[in-house]
Each structure stands twice: as structure tokens, then as C-alpha cells.
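The primary structure of each chain is shown beneath.
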Amino acid sequence: MRGSRLQDAFPARPANLQLSDIDSAFPLQEYIAHLVQLDPHDVNAIVSVPEAKKDDASGSGGSAEDRESGVDESCWIYEQLR
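First things first, this report covers the structure right here in the doc.

Rules behind the numbers
- Residues numbered from 1 in each chain as written.
- Predicted model: local features only at pLDDT ≥ 70, side-chain atom pairs only at ≥ 80, totals over all residues.
- Heavy atoms only, no water.
- Core = buried A, V, L, I, M, F, W, Y, C linked by side-chain atoms within 4.5 Å.
- Buried < 20%, exposed > 50% of the residue type's maximum accessible area, 1.4 Å probe, protein only.
- Helix = DSSP H or I, 4+ residues; strand = E, 2+ residues; numbered from the N terminus.
- Contact = heavy atoms within 4.5 Å.
- Expected span 1.5 Å × (residues − 1).
- Arc of directions from axis to C-beta.

### Remarks on the nonpolar core
Link 1 in the chain: In this structure, L17, L19, I22, L28, Y31, I32, L35, I46, V71 and W76 together form the largest nonpolar core, which totals 10 residues.
Link 2 in the chain: It is helix α2 (residues 27–38) that provides the largest number of residues to this core, a total of 4 residues.
Link 3 in the chain: Once residues within four sequence positions are removed from consideration, L19 is found in contact with P27, L28, Y31, P50 and V71.

So this is what it looks like as C-alpha cells:
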């Protein structure tokens, strides 16, 4: 909107936001957008698959590889390309 502040259009999120903290229908998309807003020049952080929290890694669903990274690598790549 014309005349709106950046803070009003995009509310600030904490710098240490984890993927598991996002409660949304599109958490990967929002997490990538958050990383871009933090530092658009840190390409390594933006494209790296996020690590799972220690308590999330012990979940019973998915493969061992998915539990270690916290995100299905195919979904992560899809969201990066989208």
C-alpha cells in the first residue's frame, strides 16, 4: 500500500526463527522468505536445508534422513525453485 511502512507490511520476526516455529500452511515458503529478509546476500544460508531441533529429530515419522535434516530434501528443492 502506498505510504505504508516496511515494518507494517512485513512484521519483524526474531532472527533465530526455526522452521518448527512457523505454524502455517506453507512453512517452507515462509521460512525461505524469512531467510531472504534477514540477509539477501547470504546465499549459503538461504539454500541450505535447515537442521532439525534435537527434540524434533527423535520423531517416529519419515525416514532417518528426513528426521536428521528436519525437511524432505525434495520439498526443499521444490520450494527453492518455485
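Still more ground to cover, so stick around.
### Regarding α2
Link 1 in the chain: Over its 12 residues, α2 extends 16 Å from the first C-alpha to the last, a length consistent with the 16 Å expected when each residue adds 1.5 Å.
Link 2 in the chain: Regarding α2, the residues found buried are L28, Y31, I32, H34 and L35. Relative to the axis of α2, the buried residues are bounded by an arc of 155° and lie together on one face.
Link 3 in the chain: Considering only its buried residues, α2 is in contact with α3 (43–47) and α5 (73–81).

### As for the environment of I46
Link 1 in the chain: One can find I46 in helix α3.
Link 2 in the chain: Linking I46 and H34, residues 12 residues apart in sequence, is a C-alpha distance of 9.2 Å.
Link 3 in the chain: With sequence-adjacent residues up to four places away left out, I46 is seen in contact with I32, L35, V36, D39, P40, W76 and Q80.

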